[in-house]
Amino acid sequence: MWLSLMLNEQIVAKVEMRFSTTSFLLRTAEVVEPDLLPPGIRVPMQINPVIDFGTAFSYWLNGRQIPDYREGLDELLIQVYELEAYRMGRMYHTQHTAAALSYYISGFDRYYLTPERTECICYALESVHFPTLFMFPPCTEEIAGEIRHKKTLCNMPGRFAASPDFTIPSGCLSWWEWRGNRKYLVQKPGKKALSRYLDVIRPRFPSMEEAGVIRFDFTRIEDDILWLSNLIPYFKQGRGIWEQAAEFLQKIPGSCEVLNVLRECENAAVKCGAMIAWNEMGISYGSYRAEPVVIL
(Lines give C-alpha, C1' and ligand atoms only; values in the text may rest on other atoms or scores of the structure.)
Protein backbone atom coordinates (compact mmCIF):
# COMPACT_ATOMS: atom_id res chain seq x y z
CA MET A 1 0.00 0.00 0.00
CA TRP A 2 1.06 3.61 -0.61
CA LEU A 3 1.21 5.91 2.40
CA SER A 4 2.09 9.56 2.85
CA LEU A 5 4.26 10.77 5.71
CA MET A 6 2.50 13.91 6.95
CA LEU A 7 3.54 16.91 9.02
CA ASN A 8 0.22 18.36 10.06
CA GLU A 9 -1.49 18.68 6.64
CA GLN A 10 1.65 18.78 4.50
CA ILE A 11 3.02 15.76 2.64
CA VAL A 12 6.67 15.23 3.57
CA ALA A 13 7.32 11.91 1.82
CA LYS A 14 5.57 9.00 0.10
CA VAL A 15 6.32 5.33 0.77
CA GLU A 16 5.09 1.98 -0.51
CA MET A 17 4.88 -0.63 2.26
CA ARG A 18 3.74 -4.20 2.77
CA PHE A 19 2.78 -5.64 6.16
CA SER A 20 3.06 -9.15 7.54
CA THR A 21 2.63 -10.67 11.00
CA THR A 22 6.38 -10.38 11.63
CA SER A 23 7.45 -7.11 10.01
CA PHE A 24 6.86 -4.44 7.41
CA LEU A 25 8.67 -4.18 4.09
CA LEU A 26 9.51 -0.82 2.56
CA ARG A 27 9.43 -1.18 -1.22
CA THR A 28 9.60 2.37 -2.60
CA ALA A 29 10.28 5.72 -0.96
CA GLU A 30 10.20 9.28 -2.25
CA VAL A 31 11.00 12.50 -0.37
CA VAL A 32 8.72 15.44 -1.15
CA GLU A 33 9.94 18.05 1.39
CA PRO A 34 13.51 17.24 2.60
CA ASP A 35 13.62 20.16 5.04
CA LEU A 36 10.46 18.93 6.81
CA LEU A 37 11.60 15.36 7.49
CA PRO A 38 11.42 14.21 11.14
CA PRO A 39 14.65 14.76 13.13
CA GLY A 40 15.04 10.97 13.46
CA ILE A 41 15.30 10.75 9.66
CA ARG A 42 16.82 14.10 8.76
CA VAL A 43 19.75 14.04 11.21
CA PRO A 44 21.04 10.55 10.21
CA MET A 45 20.90 11.56 6.54
CA GLN A 46 22.93 14.67 7.38
CA ILE A 47 25.41 12.60 9.40
CA ASN A 48 26.16 10.25 6.53
CA PRO A 49 25.25 11.30 2.97
CA VAL A 50 25.49 7.65 1.95
CA ILE A 51 22.39 6.89 4.04
CA ASP A 52 19.34 7.03 1.80
CA PHE A 53 15.86 8.02 2.87
CA GLY A 54 14.52 4.45 2.73
CA THR A 55 17.10 3.21 5.24
CA ALA A 56 16.69 6.14 7.61
CA PHE A 57 12.88 5.89 7.35
CA SER A 58 12.91 2.17 8.21
CA TYR A 59 15.06 2.71 11.32
CA TRP A 60 12.86 5.62 12.40
CA LEU A 61 9.61 3.72 11.86
CA ASN A 62 10.89 0.70 13.78
CA GLY A 63 11.21 2.95 16.81
CA ARG A 64 7.56 4.02 16.61
CA GLN A 65 6.08 0.79 17.90
CA ILE A 66 5.57 -1.08 21.14
CA PRO A 67 8.71 -2.90 22.37
CA ASP A 68 8.32 -6.69 22.39
CA TYR A 69 9.19 -6.75 26.10
CA ARG A 70 6.53 -4.22 27.10
CA GLU A 71 4.70 -5.11 30.30
CA GLY A 72 1.19 -6.42 29.61
CA LEU A 73 1.72 -6.56 25.83
CA ASP A 74 -0.07 -9.89 25.43
CA GLU A 75 -3.10 -8.70 27.38
CA LEU A 76 -3.14 -5.48 25.40
CA LEU A 77 -3.09 -7.27 22.05
CA ILE A 78 -5.76 -9.74 23.17
CA GLN A 79 -8.02 -6.80 23.94
CA VAL A 80 -7.13 -4.84 20.81
CA TYR A 81 -7.58 -7.73 18.40
CA GLU A 82 -10.48 -9.31 20.31
CA LEU A 83 -8.73 -12.68 20.58
CA GLU A 84 -9.74 -15.60 22.74
CA ALA A 85 -7.20 -15.99 25.54
CA TYR A 86 -7.01 -19.78 25.16
CA ARG A 87 -5.73 -19.37 21.58
CA MET A 88 -3.12 -16.89 22.64
CA GLY A 89 0.59 -17.65 22.58
CA ARG A 90 3.44 -15.19 23.06
CA MET A 91 3.16 -12.89 20.06
CA TYR A 92 6.52 -11.37 19.18
CA HIS A 93 6.99 -8.79 16.42
CA THR A 94 3.28 -8.01 16.07
CA GLN A 95 3.33 -4.66 17.78
CA HIS A 96 4.08 -2.87 14.52
CA THR A 97 0.54 -3.72 13.34
CA ALA A 98 -1.00 -1.93 16.32
CA ALA A 99 1.23 1.05 15.65
CA ALA A 100 0.39 1.02 11.94
CA LEU A 101 -3.34 1.05 12.62
CA SER A 102 -2.71 4.03 14.89
CA TYR A 103 -1.03 5.67 11.87
CA TYR A 104 2.29 5.48 13.74
CA ILE A 105 1.17 8.59 15.62
CA SER A 106 3.28 9.67 18.56
CA GLY A 107 2.68 12.23 21.27
CA PHE A 108 6.36 13.13 20.97
CA ASP A 109 6.08 14.82 17.56
CA ARG A 110 3.64 16.03 14.89
CA TYR A 111 4.11 13.32 12.23
CA TYR A 112 1.74 10.59 11.09
CA LEU A 113 1.26 8.20 8.18
CA THR A 114 -1.87 7.91 6.09
CA PRO A 115 -2.83 5.71 3.14
CA GLU A 116 -3.98 7.46 -0.01
CA ARG A 117 -7.20 5.44 0.07
CA THR A 118 -8.82 2.97 2.45
CA GLU A 119 -6.64 -0.16 2.69
CA CYS A 120 -7.23 -3.54 4.33
CA ILE A 121 -4.90 -5.66 6.46
CA CYS A 122 -5.79 -9.31 6.93
CA TYR A 123 -3.60 -12.03 8.46
CA ALA A 124 -6.11 -14.88 8.15
CA LEU A 125 -3.78 -17.00 5.99
CA GLU A 126 -0.66 -16.22 8.01
CA SER A 127 -1.70 -16.70 11.63
CA VAL A 128 -4.71 -18.05 13.52
CA HIS A 129 -4.16 -15.21 15.98
CA PHE A 130 -5.33 -12.65 13.42
CA PRO A 131 -8.68 -13.69 11.91
CA THR A 132 -9.89 -10.10 11.62
CA LEU A 133 -9.92 -7.86 8.55
CA PHE A 134 -8.69 -4.44 9.65
CA MET A 135 -9.68 -1.30 7.79
CA PHE A 136 -6.92 1.28 7.35
CA PRO A 137 -8.71 4.46 6.18
CA PRO A 138 -7.00 7.76 5.31
CA CYS A 139 -6.06 9.91 8.30
CA THR A 140 -6.44 13.67 8.64
CA GLU A 141 -4.81 16.24 10.88
CA GLU A 142 -8.06 16.39 12.85
CA ILE A 143 -8.14 12.61 13.40
CA ALA A 144 -4.45 12.64 14.31
CA GLY A 145 -5.16 15.32 16.90
CA GLU A 146 -8.08 13.33 18.32
CA ILE A 147 -5.91 10.22 18.65
CA ARG A 148 -3.17 12.20 20.40
CA HIS A 149 -5.73 13.59 22.84
CA LYS A 150 -7.36 10.17 23.39
CA LYS A 151 -10.82 11.29 22.34
CA THR A 152 -13.40 8.68 21.31
CA LEU A 153 -13.25 8.06 17.57
CA CYS A 154 -16.82 6.95 16.91
CA ASN A 155 -16.39 7.33 13.16
CA MET A 156 -13.37 5.02 12.94
CA PRO A 157 -14.27 1.78 11.11
CA GLY A 158 -13.24 -1.64 12.34
CA ARG A 159 -12.73 -2.83 15.89
CA PHE A 160 -9.31 -1.31 16.48
CA ALA A 161 -9.11 1.49 19.06
CA ALA A 162 -6.49 3.86 17.68
CA SER A 163 -4.22 5.25 20.37
CA PRO A 164 -0.79 6.94 20.59
CA ASP A 165 -0.01 4.55 23.47
CA PHE A 166 1.07 2.05 20.80
CA THR A 167 3.97 4.27 19.73
CA ILE A 168 5.52 5.10 23.11
CA PRO A 169 8.99 3.46 23.02
CA SER A 170 8.86 2.19 26.60
CA GLY A 171 8.86 -1.24 28.15
CA CYS A 172 6.40 -0.31 30.91
CA LEU A 173 2.74 0.57 30.74
CA SER A 174 2.48 4.12 29.39
CA TRP A 175 -0.16 6.53 28.20
CA TRP A 176 -0.74 10.26 27.59
CA GLU A 177 -2.85 12.44 29.82
CA TRP A 178 -4.01 16.03 29.45
CA ARG A 179 -5.03 18.14 32.45
CA GLY A 180 -6.20 21.50 31.22
CA ASN A 181 -3.29 22.98 29.31
CA ARG A 182 -0.74 20.61 30.82
CA LYS A 183 0.46 17.49 29.04
CA TYR A 184 1.76 14.47 30.94
CA LEU A 185 3.36 11.19 29.98
CA VAL A 186 2.03 8.73 32.56
CA GLN A 187 4.03 5.56 33.20
CA LYS A 188 3.52 2.63 35.57
CA PRO A 189 6.95 1.04 36.01
CA GLY A 190 8.02 -2.15 37.72
CA LYS A 191 10.08 -2.14 40.92
CA LYS A 192 13.47 -1.75 39.20
CA ALA A 193 12.31 1.07 36.93
CA LEU A 194 10.60 2.79 39.86
CA SER A 195 13.82 2.65 41.89
CA ARG A 196 15.73 4.06 38.92
CA TYR A 197 13.23 6.89 38.66
CA LEU A 198 13.41 7.79 42.37
CA ASP A 199 17.21 7.75 42.51
CA VAL A 200 18.16 9.10 39.09
CA ILE A 201 15.37 10.78 37.12
CA ARG A 202 13.19 12.57 39.69
CA PRO A 203 15.98 14.91 40.87
CA ARG A 204 16.69 15.99 37.28
CA PHE A 205 13.38 16.18 35.37
CA PRO A 206 9.95 17.75 36.03
CA SER A 207 7.83 14.84 37.26
CA MET A 208 5.86 13.45 40.16
CA GLU A 209 5.25 10.00 41.65
CA GLU A 210 2.13 8.79 43.41
CA ALA A 211 1.34 5.18 44.36
CA GLY A 212 3.90 3.86 41.86
CA VAL A 213 2.54 5.91 38.94
CA ILE A 214 4.91 8.45 37.36
CA ARG A 215 3.79 11.62 35.59
CA PHE A 216 6.37 13.37 33.43
CA ASP A 217 5.44 16.96 32.63
CA PHE A 218 5.87 17.43 28.86
CA THR A 219 4.19 20.83 28.77
CA ARG A 220 7.55 22.55 28.28
CA ILE A 221 8.45 20.37 25.28
CA GLU A 222 7.41 22.45 22.27
CA ASP A 223 9.42 20.73 19.51
CA ASP A 224 9.79 17.29 17.99
CA ILE A 225 12.06 14.81 19.78
CA LEU A 226 15.09 13.06 18.35
CA TRP A 227 15.70 9.85 20.31
CA LEU A 228 19.39 9.04 20.78
CA SER A 229 18.67 5.49 19.59
CA ASN A 230 18.14 6.98 16.09
CA LEU A 231 21.91 7.62 16.04
CA ILE A 232 23.05 4.12 17.04
CA PRO A 233 23.12 2.56 13.51
CA TYR A 234 25.60 5.23 12.42
CA PHE A 235 28.21 4.94 15.18
CA LYS A 236 31.71 3.74 14.31
CA GLN A 237 33.43 1.12 16.43
CA GLY A 238 36.44 2.11 18.48
CA ARG A 239 35.17 5.59 19.34
CA GLY A 240 33.15 6.85 22.29
CA ILE A 241 29.45 6.97 21.57
CA TRP A 242 28.83 10.18 23.51
CA GLU A 243 31.63 11.95 21.65
CA GLN A 244 30.19 10.77 18.34
CA ALA A 245 26.71 11.88 19.38
CA ALA A 246 28.10 15.34 20.19
CA GLU A 247 29.67 15.51 16.72
CA PHE A 248 26.44 14.40 15.04
CA LEU A 249 24.39 17.05 16.85
CA GLN A 250 26.92 19.89 16.98
CA LYS A 251 24.87 22.09 14.63
CA ILE A 252 21.91 22.05 17.03
CA PRO A 253 22.10 25.06 19.39
CA GLY A 254 22.27 23.90 23.00
CA SER A 255 22.86 20.24 22.11
CA CYS A 256 26.13 20.09 24.07
CA GLU A 257 24.42 21.10 27.32
CA VAL A 258 21.53 18.68 26.71
CA LEU A 259 23.88 15.76 26.02
CA ASN A 260 25.82 16.55 29.22
CA VAL A 261 22.57 16.29 31.21
CA LEU A 262 21.66 12.97 29.58
CA ARG A 263 25.15 11.58 30.06
CA GLU A 264 25.11 12.61 33.73
CA CYS A 265 21.77 10.84 34.07
CA GLU A 266 23.16 7.66 32.51
CA ASN A 267 26.24 7.74 34.76
CA ALA A 268 24.06 8.20 37.85
CA ALA A 269 21.95 5.22 36.79
CA VAL A 270 25.03 3.03 36.38
CA LYS A 271 26.23 3.95 39.87
CA CYS A 272 22.84 2.84 41.19
CA GLY A 273 23.16 -0.49 39.41
CA ALA A 274 20.50 0.52 36.88
CA MET A 275 20.56 1.38 33.20
CA ILE A 276 18.93 3.96 30.96
CA ALA A 277 18.72 2.84 27.34
CA TRP A 278 19.30 5.23 24.45
CA ASN A 279 15.72 4.76 23.23
CA GLU A 280 14.66 6.28 26.58
CA MET A 281 16.71 9.47 26.14
CA GLY A 282 16.15 12.20 23.59
CA ILE A 283 16.65 15.81 22.65
CA SER A 284 13.84 18.18 21.74
CA TYR A 285 14.85 20.99 19.40
CA GLY A 286 13.51 23.21 16.65
CA SER A 287 11.86 26.63 17.02
CA TYR A 288 12.45 26.64 20.78
CA ARG A 289 15.51 25.90 22.89
CA ALA A 290 16.90 22.37 23.04
CA GLU A 291 15.57 20.32 25.97
CA PRO A 292 16.65 16.92 27.36
CA VAL A 293 13.97 14.21 27.52
CA VAL A 294 14.02 10.99 29.59
CA ILE A 295 11.30 8.36 29.92
CA LEU A 296 11.12 4.98 31.68
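Structure shown above.
Residues numbered from 1 in each chain as written. Predicted model: local features only at pLDDT ≥ 70, side-chain atom pairs only at ≥ 80, totals over all residues. Heavy atoms only, no water.

Help me understand the environment of Trp178 in this model?
Along the chain, the position of Trp178 falls in strand β7 (residues 173-179). Between the alpha carbons of Trp178 and His149 there is a distance of 7.3 Å; along the sequence they are 29 residues apart. Setting aside residues up to four positions removed in sequence, Trp178 forms contacts with Arg148, His149 and Lys183. (Helix = DSSP H or I, 4+ residues; strand = E, 2+ residues; numbered from the N terminus. Contact = heavy atoms within 4.5 Å.)

Would you mind going over the pairing of strand β2 (residues 10-19) with me for this structure?
Here is the key point about a regular strand: its side chains alternate between the two faces of the sheet. Pairing analysis gives six bridges linking strand β1 (residues 2-7) to β2, with the strands arranged antiparallel. From the neighbouring strand, Leu7 faces β2, where its bridge partner is Gln10. Between β1 and β2, which follow one another and run antiparallel, lie two residues, and Asn8 among them has a positive phi close to 60°. As judged from the seven bridges shared by β2 and strand β3 (residues 24-31), these two strands associate in the antiparallel manner. Its bridge partner lying in β3, Ala13 is registered against Val31. (Pairing = 2+ DSSP bridges.)

Help me understand helix α7 (residues 241-248) in this model?
Since the α-helix packs 3.6 residues into each turn, any two residues three or four apart lie on the same face. All of the buried residues along α7 are Trp242, Gln244, Ala245 and Phe248. On an axial view of α7, the arc spanned by its buried residues comes to 160°, and they lie on one face. Buried positions along α7 lie against α1 (39-47), α8 (255-271) and β12 (281-284). (Buried < 20%, exposed > 50% of the residue type's maximum accessible area, 1.4 Å probe, protein only. Arc of directions from axis to C-beta.)

I tried to follow the sheet that holds β12 on my own but got confused; where do I start?
Within a sheet, neighbouring strands are paired by backbone hydrogen bonds and run either parallel or antiparallel to one another. In spatial order, the strands read β11-β12-β13; together these three strands make up an open sheet with antiparallel pairing. This sheet does not close on itself; its edge strands, each paired only once, are β11 (225-227) and β13 (291-294). Strand-to-strand twist of the sheet, defined as the mean angle between neighbouring strand axes without regard to direction, takes the value 30°. For β11 and β12, the ladder comprises three bridges, and the chain directions are antiparallel. Among the inter-strand pairings, Trp227 is bridged to a residue of β12, identified as Gly282. (Axes fitted to C-alpha atoms, helices over the stretch in contact; angles between N-to-C directions.)

When you look at empty space enclosed by the protein in this model, what are you seeing that I'm missing?
Where empty space is left becomes clear once a probe the size of a water molecule has been rolled over the atoms. Throughout the structure, instances matching the rule amount to two cavities of 30 Å³ or more. Taken as a whole, the largest cavity spans an internal volume of roughly 70 Å³. What lines the largest cavity is Phe205, Pro206, Phe216, Asp217, Phe218, Arg220, Ile221, Pro292, Val293 and Val294. Where the lining of the largest cavity is concerned, the elements lending two or more residues are β10 (213-217) and β13. It is β13 that provides the largest number of residues to the lining of the largest cavity, a total of three residues. Looking at the lining of the largest cavity, its residues break down into eight nonpolar, no polar and two charged. (1 Å grid on protein atoms, 1.4 Å probe; cavity = no way out; pocket = protein on both sides within 12 Å on 5 of 7 lines; lining within 4 Å. Points joined across faces, edges and corners; volume = space filled by probe spheres on them. Nonpolar A, V, L, I, M, F, W, Y, C, P; charged D, E, K, R; others polar.)

What's the story with unusual backbone geometry in this structure? I'm lost.
Keep in mind that most residues, glycine aside, have a negative phi and that most peptide bonds are trans. Its identity is not glycine, yet Tyr104 carries a phi of approximately 50°, on the positive side. Within the secondary structure, Tyr104 sits in the loop between α4 (95-101) and β4 (111-115). You will see that Ala211, though not glycine, has its phi angle at about 55°, which is positive. Relative to the assigned elements, Ala211 resides in the loop between β9 (207-210) and β10.

Explanation requested: the sheet that holds β9 in the structure shown.
Strand order in the open sheet made by the four strands is β7-β8-β10-β9, with antiparallel pairing throughout. In this open sheet, the two strands that pair with only one neighbour each are β7 and β9. Taken over all neighbouring pairs, the strand axes of this sheet differ in orientation by 25° on average, direction set aside. Where β9 meets β10, four bridges bridge the pair, whose relative direction is antiparallel. Each bridged residue has a counterpart across the sheet, and for Ser207 the counterpart in β10 is Phe216. In this fold helix α6 (residues 191-201) packs onto β9 and β10, with an angle of close to 140° to the strand it touches most, β9.

Even after reading the chapter, I still don't get the nonpolar core, so can you show me in this structure?
Side chains that are nonpolar tend, in soluble globular proteins, to be buried together. One finds Phe108, Ile201, Phe218, Leu231 and Leu249 to be the most contacted residues of the largest nonpolar core, which totals 41 residues. Sorting the residues of this core by element identifies α6, β10, β11, α7, α8, β12 and β13 as the ones contributing at least two each. Sorting elements by how many residues they give to this core places α8 first, with six residues. Non-local contacts of Leu249, meaning those with residues more than four positions away in its chain, are made with Val43, Leu226, Leu231, Ser255, Leu259 and Ile283. Met17, Ala99, Tyr123 and Ile147 belong to the second largest nonpolar core, which has 38 residues in total. (Core = buried A, V, L, I, M, F, W, Y, C linked by side-chain atoms within 4.5 Å.)

I tried to follow the pattern of salt bridges on my own but got confused; where do I start?
Two side chains carrying opposite charge are able to pair once their charged atoms lie near each other. Per the stated rule, a full pass over the model turns up 13 salt bridges. Glu119 is the salt-bridge partner of Arg117, the closest N and O atoms lying 3.9 Å from each other. Accessibility expressed as a relative area gives 56% for Arg117, which makes it exposed. We classify Glu119 as buried; its relative accessible area is 14%. Ionic pairing is found between Arg204 and Glu264, a salt bridge with its closest N-O pair at 3.3 Å. With Arg204 in the loop between α6 and β9 and Glu264 in helix α8, this residue pair connects regions lying 60 residues apart in the sequence. Assessed through its relative accessible area of 43%, Glu264 is described here as partly exposed. Overlapping salt bridges bring together Glu177, Arg179 and Arg215 as one network. (Salt bridge = Lys/Arg side-chain N within 4 Å of Asp/Glu carboxyl O.)

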